[in-house]
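Descriptive analysis of the structure
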Amino acid sequence: MFKIYQYFHIYTVRTESLKEYCDFVDIVYRRMLSHSKTRWLSLFPGIERMIQMFPALKAFFLSQQKPPIVIKKFFENEFSEIYLWHMHSLMSAFHTHIQDMEKEKNSIMEVKKIMNSIHTILLERKSNNFMSLKVKGLLAQKRSDGLGKEYDQFCADVQGLYSTCLEYLEKWMTPMEEFSTFTWMDLSEPPEWNDVEACIKFLGEKGVVIDDVKCFDQVTNLKRFTERCNRDEEFSGLQVHQKWTKYFEKAKSIACYSELLKIAQFVFALSSHNANVERVFSLMQSQWTKERNQLSVESLKGILFVQYNLKDMSCKDFHAYLLSNRKLLGKISSTAKYRWADKEDEEEKQDEED
């Protein structure tokens, strides 16, 4: 897929030639998509676009006098389209789960739950040697054409692909097993004391001291809260951190949740994925451009703070927020934020002392 994208991406002439060929064979031209190695979400739409353009691409490259050898071999393979359709069905499952996983403010419990889900799906697909009806239909046609050996090889490749995916996934799941003891904190079920006690022991080894006597009574209150709220579909649909926020807000005083708060502070401080960091990098690149390369680190940091932390606020709401905050308006209009002003203040103080 990447080779085909590169073939057209570099040369406009080749793209125009493909457009003309699509018009000739009456197929709608679509721009080829590239897959980024750092973004799994780009793979599924890339494969989908390849399938849409497959007839035109195959005819185009096989009609060329000297096409790239790798691309020529791919399109000469009788099973190339079938491989694409199977990858499409496989990546559709990954795509949906990755979208859920990379949601902002996901906790480590939610990410672990999503990874367990896709792991279960892959195990089931492998045990049943699952192939979509589209793939089975194309395979049956190839087998009737006398390609029995190639048919068997494809089935073996399907099993190998599932095994490779499972190995890759398990490699990333293994480090997260350390935090399995916090699974109860998703509050999908009323917590059991044995699970909470295991957390207290784990945190004790990390230097976080939890009073188990106080915690037991607090867990009892949490259990009643969870039993009551889980009947509400709206509560069940909340993210984990939102559920805990609601519990802390409902509590009468901090004495009702002081030890649970310590556990929550530790867990929600754990980074569940690097998607948020990648988002900050994207924001930074949009600000620190070639035209604005003289921005200081402090200025850029301030811009990113505003952009990231206030991204859900509309311009109208932001304007109202500024007008209602006199202290902030005073800081904005003052010269205190500039380095030269700090230097002048230091010089004035020095003169007064002299």
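Refer to the structure above for everything that follows.
We now turn to the structure provided with this report. Everything numeric here is computed off the predicted structure, so don't read it as measured data.

**Some points on the overall build of the protein**
- Within the protein, the secondary structure is distributed over 18 helices and zero strands.
- For the protein, the residues scored as buried account for 32% of the 354 residues in total.
- In the structure as shown, the protein presents an accessible area of about 23,000 Å², 54% of it carried by carbon and sulfur atoms.

**Concerning helix H13 (residues 258–268)**
- Here H13 has its buried residues at Ser258, Glu259, Leu260, Ile263, Ala264 and Val267.
- Those residues of H13 that are buried lie in contact with helix H6 (108–127), helix H9 (193–205), helix H10 (212–229) and helix H12 (240–250).

**A word on the pattern of salt bridges**
- Going through the model one piece at a time under the given rule, you end up with four salt bridges.
- Across the pair glutamate 78 and lysine 142 runs a salt bridge, and its minimum N-O distance is 3.0 Å. Of the two residues, glutamate 78 sits in the loop between helix H4 (69–76) and helix H5 (80–101) while lysine 142 sits in helix H7 (residues 133–144), which places them 64 residues apart along the sequence.
- In this structure glutamate 78 comes out as partly exposed when scored by relative accessible area, which is 45%.

**So, the packing of aromatic side chains**
- A complete count under the given rule lists 19 aromatic pairs for this structure.
- A network of ring pairs unites the aromatic residues Trp184, Phe225, Phe235, Trp244, Tyr247, Phe248 and Tyr257 as a single cluster.

**Some points on unusual backbone geometry**
- At asparagine 129, a residue that is not glycine, the phi angle is positive and equals roughly 45 degrees.
- Locating asparagine 129 in the fold gives a position in the loop between H6 and H7.
- Phi is positive for leucine 187, which is not a glycine, with a value near 55 degrees.
- By secondary structure assignment, the location of leucine 187 is in the loop between helix H8 (148–173) and H9.

**Here we look at the packing of H9 against H10**
- The geometry of H9 relative to H10 is characterised by a closest axis approach of 11 Å and an angle of 145 degrees between their N-to-C directions. H10 is crossed by H9, and the crossing has right-handed handedness. Facing Trp193, Val196 and Ile200 of H9, the residues of H10 in contact are Asp212, Cys215, Phe216 and Val219.
- By residue class, the composition of the contact of H9 with H10 is six nonpolar, no polar and one charged.

**A look at a positive patch on the surface**
- A surface patch of like charges, here positive, comprises Arg224, Arg228, Arg231, Lys246 and Lys250.
- Mapped onto the positive patch, the elements with two or more residues apiece are H10 and H12.
- Mapped onto the elements of the fold, lysine 250 is located in helix H12.

How each quantity is defined
- Residues numbered from 1 in each chain as written.
- Predicted model: local features only at pLDDT ≥ 70, side-chain atom pairs only at ≥ 80, totals over all residues.
- Heavy atoms only, no water.
- Helix = DSSP H or I, 4+ residues; strand = E, 2+ residues; numbered from the N terminus.
- Buried < 20%, exposed > 50% of the residue type's maximum accessible area, 1.4 Å probe, protein only.
- Areas by Shrake-Rupley, 256 points an atom, 1.4 Å probe, with all protein chains shown as cover.
- Contact = heavy atoms within 4.5 Å.
- Salt bridge = Lys/Arg side-chain N within 4 Å of Asp/Glu carboxyl O.
- Phe/Tyr/Trp six-rings, centres within 6.5 Å; stacked < 30°, edge-to-face > 60°.
- Axes fitted to C-alpha atoms, helices over the stretch in contact; angles between N-to-C directions.
- Left-handed = near helix turned anticlockwise from the far one by under 90°.
- Nonpolar A, V, L, I, M, F, W, Y, C, P; charged D, E, K, R; others polar.
- Patch = residues over 30% accessible without salt bridge, like charges linked within 9 Å, V, L, I, M, F, W, Y side chains within 5 Å.
- Lys, Arg positive; Asp, Glu negative; His and termini not counted.
- Charge placed at Lys NZ, Arg CZ, Asp CG, Glu CD.

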